[in-house]
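# Results of the structural survey
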Amino acid sequence: MSTTETQPLAHDAAGAPQASKFPLNLWYVAALASELKDKPIGRTLLGKPIVLFRTADGQPAALEDRCCHRALPLSHGTVEAHGVRCGYHGLMFDNKGQCIEVPGQAKIPTKAKVPAFHAKERDQIIWIWFGDADNAAPTCEPPEYEVHSNGKYLFEGDVYHYDAPYQLIHDNLLDLSHLGYVHLRTIGGNASIHMNAQMKVESDDSLVRVTRYMPDSEPPPTYIAAFPFKGRVDRWQEIEFCVTHLRIWTGAVDIGTDSLDDPDRGGFHMRGFHGVTPETETTSHYFWTMATNPVSSPQETLQKVVEQTIMTFDEDKVVIEAQYKNMVKIGNGPMVDIHVDVGANRARKIIEKLRNEVIS
Amino acid sequence: MSTTETQPLAHDAAGAPQASKFPLNLWYVAALASELKDKPIGRTLLGKPIVLFRTADGQPAALEDRCCHRALPLSHGTVEAHGVRCGYHGLMFDNKGQCIEVPGQAKIPTKAKVPAFHAKERDQIIWIWFGDADNAAPTCEPPEYEVHSNGKYLFEGDVYHYDAPYQLIHDNLLDLSHLGYVHLRTIGGNASIHMNAQMKVESDDSLVRVTRYMPDSEPPPTYIAAFPFKGRVDRWQEIEFCVTHLRIWTGAVDIGTDSLDDPDRGGFHMRGFHGVTPETETTSHYFWTMATNPVSSPQETLQKVVEQTIMTFDEDKVVIEAQYKNMVKIGNGPMVDIHVDVGANRARKIIEKLRNEVIS
Amino acid sequence: MSTTETQPLAHDAAGAPQASKFPLNLWYVAALASELKDKPIGRTLLGKPIVLFRTADGQPAALEDRCCHRALPLSHGTVEAHGVRCGYHGLMFDNKGQCIEVPGQAKIPTKAKVPAFHAKERDQIIWIWFGDADNAAPTCEPPEYEVHSNGKYLFEGDVYHYDAPYQLIHDNLLDLSHLGYVHLRTIGGNASIHMNAQMKVESDDSLVRVTRYMPDSEPPPTYIAAFPFKGRVDRWQEIEFCVTHLRIWTGAVDIGTDSLDDPDRGGFHMRGFHGVTPETETTSHYFWTMATNPVSSPQETLQKVVEQTIMTFDEDKVVIEAQYKNMVKIGNGPMVDIHVDVGANRARKIIEKLRNEVIS
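Residues numbered from 1 in each chain as written. Chains lettered and ligands numbered in written order. Predicted model: local features only at pLDDT ≥ 70, side-chain atom pairs only at ≥ 80, totals over all residues. Heavy atoms only, no water.

On to the environment of Tyr-213 of chain C, then. All names here are of chain C. Inspection of the secondary structure assignment puts Tyr-213 in strand S15 (residues 208-217). Through-space distance from the C-alpha of Tyr-213 to that of Leu-74 is 49 Å; in sequence the pair is 139 residues apart. Dropping the residues within four chain positions of it, Tyr-213 is found in contact with Ala-197, Gln-198, Arg-235, Trp-236, Glu-238, Leu-260 and Asp-261. (Helix = DSSP H or I, 4+ residues; strand = E, 2+ residues; numbered from the N terminus. Contact = heavy atoms within 4.5 Å.)

So this is what it looks like as structure tokens:
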């Protein structure tokens, strides 16, 4: 059994802040599509203050959230057909960051522009590209997430702000054995079932897949509330870590009725999308949606599943923020690994490699 | 079109606090006279914690806000006829900072005294002198402000605390072109009227005067609420920057009825006094009064004008604090100047010169 | 009349945190017995985050408040018969800090343990031993406090958190002359009586005793509320400083009825226990109990005394925290001593000596 070094904090031993270093050349989640309507959104992503807005054609745009005149956040301004207008002296910027109007002044100063970022909407998620100097423009399309678009599922979502680094959220999502201790009220169920689940971990340079099967188990409260199970169930948990986001497909069928490794299995499904975007080295945005397949009363069932999901994610937030606060208070120390850490540790290796590529 | 360096923040690049350096040999506003009654006021001014109180003869006094015995703020104590008494062990100090009583002890220790500052009341404002080593005593009388005393106007005022450096408040007050974007609900009116106003800027070593005329314009909501204008108006804005405070005389007459540059013009007047006293390099006290000349129902009209003034100043506070927070977050960067910045930039030059004189 | 240097703050002149250095080889108060029931308590003591809990036999235990797996505070977990179980993945630790269960895993990793501290309950106080490298194990029993156990008194208590260093609380408790300025509403009474009390100060290497007699004085509000005094009283105050805690025995008899220096004197008694445990160099835990000897309506009288005690201690907290905030704001400066400081200054010398022994 090995020990793992605590993940680097944002402060070195002497208390001085380290330069932030995030995995780059990736699409990160900037917002859920449902958030971005007729008002600008100000949000710090990977340490950069960004204003998000939609132009008249509905396309998302992302600029540095600082007017080049007197530094007011552009997110305090208003969205107009051709761009975003500063709320102090009315300068207007288009989706490339070019100033296109200085009220009361005919000539627009040459230097009047703000940095722009590549933003795209796909499957109801607003993605933003963060590249290094050699990859300022995206080298690929944003990830697809057809669960939001294929019509088989209903979903809702929200954004949480975390006072904790993004990697602690990865750890939590990649190791669902905590369900039996943290989420007894909702999706947990018997602790020993989780701790003794059959687990398979696969990975490559940019992906970790953890599969857990819990055959012949008691359905937890959320499952019973949302689906007419007859009695005991066969449960599955499939977690896919993709650096900037995770996809978690969990569910259950009545015991013995379907093969758990068949993607067309029936029963009750909860499909979670989890966009984890660093705000800073020590704080994070957590964008989530939860999709389900109601067998009846669709809106009512969706609401039930979403309510229980919110309870569950609130519990995770309490644990993860307490964990981080304690790490800051006590300082870096060795961490003893146990059997459930395999997936999370592989994800950490991928992140570490990507972070090192940023300076090399 | 030039670019302006961001004003120096209170922290240098390495995050270490810089020594504070304020313009000296000036009278700053310490309080409005109406604030200083029978209780001491504790207030940090130019980085120095000060206790303000009135002695039995009604004269204001200002001492370091720290008992020389065990460092309790004297502002936690009580005011008596001959001075201020500490609320911990009862030591009493007169208006020169001399300890004049140690309860239970006959002999007063030689070292028992606290630093004193020069304070004076004039025209219902309490002024405090901050001088350099060569000018510890005032070299002049505090500024007069006869608007408070001449009986032509009614006024009220208040103190705001700002999480922003004093110079950002100067910028805001010297450039009223923001009215059309920030203060639409009150004193704003049509944005293009403000941006296209006739503007004149005059200045010398210690004063900047910005005059703006907006003939033939729509009266804004506050004006209509307080004065029986017949229709369109000729508006004026006269701003005088005096380093530690600004005087802003705005108003309007019915179109074509009076010459705007005649100090005896009629119509509706709003005369603002704005004392901007640094608390620290990054926070400020903003003392304001608003005087007006009601044509009828004087108290009711005054209340209307003051209510709208408060709404207006609350809007400014939101913008200026958001601006400063953004400057701290994003760091110093160039600022692109536009046509409205002339007055504010001259004021910055005056401040810069005075700050440099402090160490030279 | 001498001057005293301000106690060292937790930051040196350059703003860098100093290594904490507390008196060691002592029992400190960790909790009141009444606090520690079936849930773990997380509390930072002398800079160390500690989880306190009781094992099945009722004995207190104290461990580092950090699970060795992923650093969650163990105080977020649950207490079971044999130890405390982490609330994230269910690891269980006994009262020696040994991990005794990893759910879902047969073998417990060798390194799976957390540091343990010596904790003992005596006279309804939970004590914790902090020793240096040579004295990791206690070299003596925890202090007794028979007032809690002898049946002559009723008592209640509570814990206050202070944003101030522990030595400022010592100062306050060792110099009761402040009663006449800070506690007029409760136990104060006439200020000059306190300032002119007969005072005797005795001390050795580990103890300071201050005795103050105030014969022929007016009983203060709390005394009148709790005891049927006939008129004027003879009052005593006996303060014993024992480094980690103070015992303060105050009271009064009807004038001329009993000798004040007779421990068997009658009248009205208030016996305070004051455990002052540093949380950090700049923050403290203040554990107090107040015991009294009701002559009638025991619970009602106790409630009255406790209510007035709480008012009194709340007043102290306001003063001491304001004092510390001012010391941080203004920085270290000389403090002028007066006649009442003798006891407090001797206590400071004892602390200073013990702090210096830690590194020598």
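And the narrative resumes.
This paragraph deals with the sheet that holds strand S6 (residues 78-80) of chain C. All names here are of chain C. Reading across from one edge, S6-S7-S8-S9 is the order of the four strands in this open sheet, with antiparallel pairing throughout. Looking at the sheet topology across the chains shown, the edges are occupied by S6 and strand S9 (99-101). Two strands pair when backbone bridges link them, and strand S7 (residues 83-85) and strand S8 (residues 92-93) are joined in this way by two bridges, in the antiparallel orientation. Across the sheet, residue Arg-85 finds its bridge partner in S8, namely Met-92. (Pairing = 2+ DSSP bridges.)

What connects the two chain copies is a rotation about an axis and a shift along it. With an RMSD of 0.0 Å, the operation that places chain B on chain C is a rotation of 120° combined with a shift of 0.0 Å along the axis. Seen this way, the second copy is the image of the first under a three-fold rotation axis. (Least-squares fit on C-alpha atoms with pLDDT ≥ 70 in both.)

Right, let's get into unusual backbone geometry. Despite not being glycine, Asp-123 of chain A shows a phi value in the positive range, around 50°. Inspection of the secondary structure puts Asp-123 of chain A in the loop between strand S11 (119-122) and strand S12 (125-130). Of note, the phi angle at Ser-297 of chain C is positive, near 40°, even though the residue is not glycine. One can find Ser-297 of chain C in the loop between strand S19 (284-292) and helix H5 (298-330).

Take the UniProt feature "domain: Rieske" (unreviewed entry) in chain A next. According to UniProt, the feature "domain: Rieske" (unreviewed entry) maps to residues 27-128 of chain A in the numbering used here. Annotated as 0% helix and 43% strand, the span residues 27-128 of chain A places its first and last C-alpha atoms 5 Å apart. (UniProt positions renumbered as here; feature names shortened; annotations may be inferred.)

Before going further, it helps to examine the interface of chain C and chain A. At the junction of the two partners, chain C supplies 25 residues and chain A supplies 31 residues. Between chain C and chain A, a total of about 2300 Å² is buried, with carbon and sulfur atoms accounting for 60% of that surface. Counting the contacts that link chain C with chain A gives two salt bridges. Of the charged contacts in the structure, one is a salt bridge between Asp-337 of chain A and Arg-70 of chain C, with a shortest N-O distance of 2.8 Å. In this assembly, chain C and chain A are joined by 13 residue pairs in polar contact (both at pLDDT 80 or more). Classifying every residue of the side of chain C that touches chain A by side-chain character gives 11 nonpolar, eight polar and six charged. (Buried area = accessible area lost by both parts, 1.4 Å probe. Salt bridge = Lys/Arg side-chain N within 4 Å of Asp/Glu carboxyl O. Polar contact = N/O pair within 3.5 Å; in protein donor to acceptor, adjacent residues only side chain to side chain. Nonpolar A, V, L, I, M, F, W, Y, C, P; charged D, E, K, R; others polar.)

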